[in-house]
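Secondary and tertiary structure notes
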Amino acid sequence: MSEQIEQIKTLIIGSGPAGYTAAIYAARADLKPVVYTGMEPGGQLTTTTEVDNFPGYPEGVDGPTMMSQLQQQAERFGTDVRIGMVTAVELSDEVGGIHRVTVDDSKQIEAETIIISTGASAKYLGLPSEQRLRGGGVSACAVCDGFFYKGQEVAIVGGGDTAAEEASYLANICEKVTMLVRKDHMRASKAMQHRVNNLENIEIRYNTEIDEVLGEQVVEGLRMVNNQTGEKEEIAITGLFIAIGHTPNTAIFKGQLDMDDTGYIITQPGSTKTNKPGVFASGDAQDKIYRQAVTAAGTGCMAALDAERYLATIETSEPVGS
């Protein structure tokens, strides 16, 4: 006998700041939210050692602790947090329609509303030394972690607008920034290139890639290689920032939700509404500009409020006896 299909009022896919904030608001609105955590419970912040820029933590907090506290707060109001991965979705086009979801390729769920908080994954170079030192000086967010390297020498990898913007940010607080660009030119806009070139403490190395991140417990240096000549060189740094882009975790929604050319879900201006009634997107799955924990939490709140209002509209429009 096949397993009975579970029916849920509000399903939240993802468990980062957006997902848990959505859960807090949805639970308080009696939407009985169920959260599926995904492959990385707590999201990207679980790999962050220190969070110093989230309001309410005057002494800072480590990422795993913060996410554990958010989960506890969501559960305090009745959120059902489950370990599991949503592997397929069938989204309804009808207002008041039921959305069908598959978890771990087996469990079937029907949801009246869905809040997508699947986040985005930073792209890394894939070097073993880089992965080993993530959280020990290797970061994919200069705005998040740059403060810890104030007055120090750091390096950043990338040649696009994000890399140029983060290099400029780091140059304001660090003694020196070495920028590694693997091509002989930058992809960044001319305005961003001018900004970088006008900062005296940024040194740009073209045709340059990382051969090895040096250090055992923390970043102590970098071995670079010129991809034209093969020449290698070592420099001393304490922080390495990877700025080669992010990949939104939205693959299972392709073909059903409107997305931009890089896979970020498109929401209606001023809301978290997608092109499917009753489906809302929050956090880094739809935000490629700010990508901060506090903005993710804000859109998680918005998504829960949008879901509550959507359900209220459906309930009041149903005919008597339906």
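Structural notes, computed from the coordinates. Note that the structure is predicted; figures quoted are calculated from it, not measured. (Residues numbered from 1 in each chain as written. Predicted model: local features only at pLDDT ≥ 70, side-chain atom pairs only at ≥ 80, totals over all residues. Heavy atoms only, no water.)

As for the overall build of the protein chain
- For the protein chain, the count of helices and strands is seven helices and 17 strands.
- Relative to the 2.2 N^0.38 estimate, which gives 20 Å for 322 residues, the radius of gyration of the protein chain is 22 Å and therefore close to what a compact globule would have.
- Principal axes of the C-alpha set define a box for the protein chain whose edges measure 75 × 40 × 40 Å.
- Counting across all 322 residues of the protein chain, residues that qualify as buried make up 51%.
- A total of about 15900 Å² of accessible surface is found on the protein chain, and carbon and sulfur atoms cover 48% of it.
- Both charge centroids of the protein chain, one from 26 positive and one from 44 negative side chains, sit 3 Å from each other. (Helix = DSSP H or I, 4+ residues; strand = E, 2+ residues; numbered from the N terminus. Rg over C-alpha atoms; globule rule 2.2 N^0.38 Å. Buried < 20%, exposed > 50% of the residue type's maximum accessible area, 1.4 Å probe, protein only. Areas by Shrake-Rupley, 256 points an atom, 1.4 Å probe, with all protein chains shown as cover. Lys, Arg positive; Asp, Glu negative; His and termini not counted. Charge placed at Lys NZ, Arg CZ, Asp CG, Glu CD.)

Focus: the state of the cysteines
- Scanning all chains against the criterion turns up one disulfide.
- Of all cysteine sulfurs in the structure, the one in Cys141 sits closest to Cys174, which takes part in no disulfide; the separation is 13 Å. (Disulfide = S-S within 2.5 Å.)

So, the nonpolar core
- Membership of the largest hydrophobic core comes to 27 residues, with the highest contact counts inside it found for Tyr20, Met66 and Ile115.
- When residues in this core are grouped by element, the largest group, eight residues, is from helix α7 (residues 293–317).
- Setting aside chain neighbours within four positions, we find Ile115 in contact with Thr10, Leu11, Ile12, Ile13, Ala22, Phe280, Ser282, Ala303, Ala304 and Ala307. (Core = buried A, V, L, I, M, F, W, Y, C linked by side-chain atoms within 4.5 Å. Contact = heavy atoms within 4.5 Å.)

A word on the sheet that holds strand β10 (residues 176–181)
- Judged by pairing direction, the sheet is parallel, and its five strands sit side by side in the order β8-β15-β9-β10-β11 without closing on themselves. Looking at which strands have only one partner, the edges of the open sheet turn out to be β8 (138–139) and β11 (202–206).
- When strand β9 (residues 153–157) meets strand β15 (residues 239–242), the two strands line up parallel, connected through four bridges. Bridged to Ile156 within β15 is Phe241. (Pairing = 2+ DSSP bridges.)

Brief notes about the packing of aromatic side chains
- The final tally for this structure, using the stated rule, is four aromatic pairs.
- Aromatic pair Phe147 and Phe148: ring centres 6.1 Å apart, planes at 75°, arrangement edge-to-face.
- Against the face of Phe77 rests Arg28, its NZ or CZ located 5.1 Å from the ring centre. (Phe/Tyr/Trp six-rings, centres within 6.5 Å; stacked < 30°, edge-to-face > 60°. Lys NZ or Arg CZ within 6 Å of the ring centre and 35° of its normal.)

Things to note about the sheet that holds strand β13 (residues 221–226)
- Pairing is antiparallel across the open sheet formed by three strands, whose spatial order is β12-β13-β14. The open sheet is flanked by β12 (208–214) and β14 (232–236), the only strands paired with a single partner. Direction aside, the axes of adjacent strands within the sheet are offset by 25° on average.
- Here β13 runs beside β14; their pairing, made up of five bridges, is antiparallel. (Axes fitted to C-alpha atoms, helices over the stretch in contact; angles between N-to-C directions.)

Describing the packing of helix α5 (residues 161–171) against helix α6 (residues 190–197)
- Relative to each other, α5 and α6 sit at 30°, their axes nearing to 9 Å. As the angle between them shows, α5 and α6 are arranged roughly parallel. Crossing of α5 against α6: the hand is left-handed. Contacts between α5 and α6 involve Asp161, Ala164, Glu165 and Ser168 on the former and, on the latter, Met192, Arg195 and Val196.
- A per-class count over the contact of α5 with α6 returns three nonpolar, one polar and three charged. (Parallel < 35°, antiparallel > 145°, perpendicular 65-115°, else oblique. Left-handed = near helix turned anticlockwise from the far one by under 90°. Nonpolar A, V, L, I, M, F, W, Y, C, P; charged D, E, K, R; others polar.)

Some words on the side chain of Ser117
- Tracing the backbone shows Ser117 in the loop between β6 (107–116) and β7 (120–122).
- Classification of Ser117 as buried rests on a relative accessible area of 7%.
- Separated by 2.9 Å, the side chains of Ser117 and Ser282 make a polar contact.
- Not counting residues within four places of it along the chain, the set of residues in contact with Ser117 comprises Ile12, Ile13, Gly14, Ser15, Ala18, Gly19 and Ser282. (Polar contact = N/O pair within 3.5 Å; in protein donor to acceptor, adjacent residues only side chain to side chain.)

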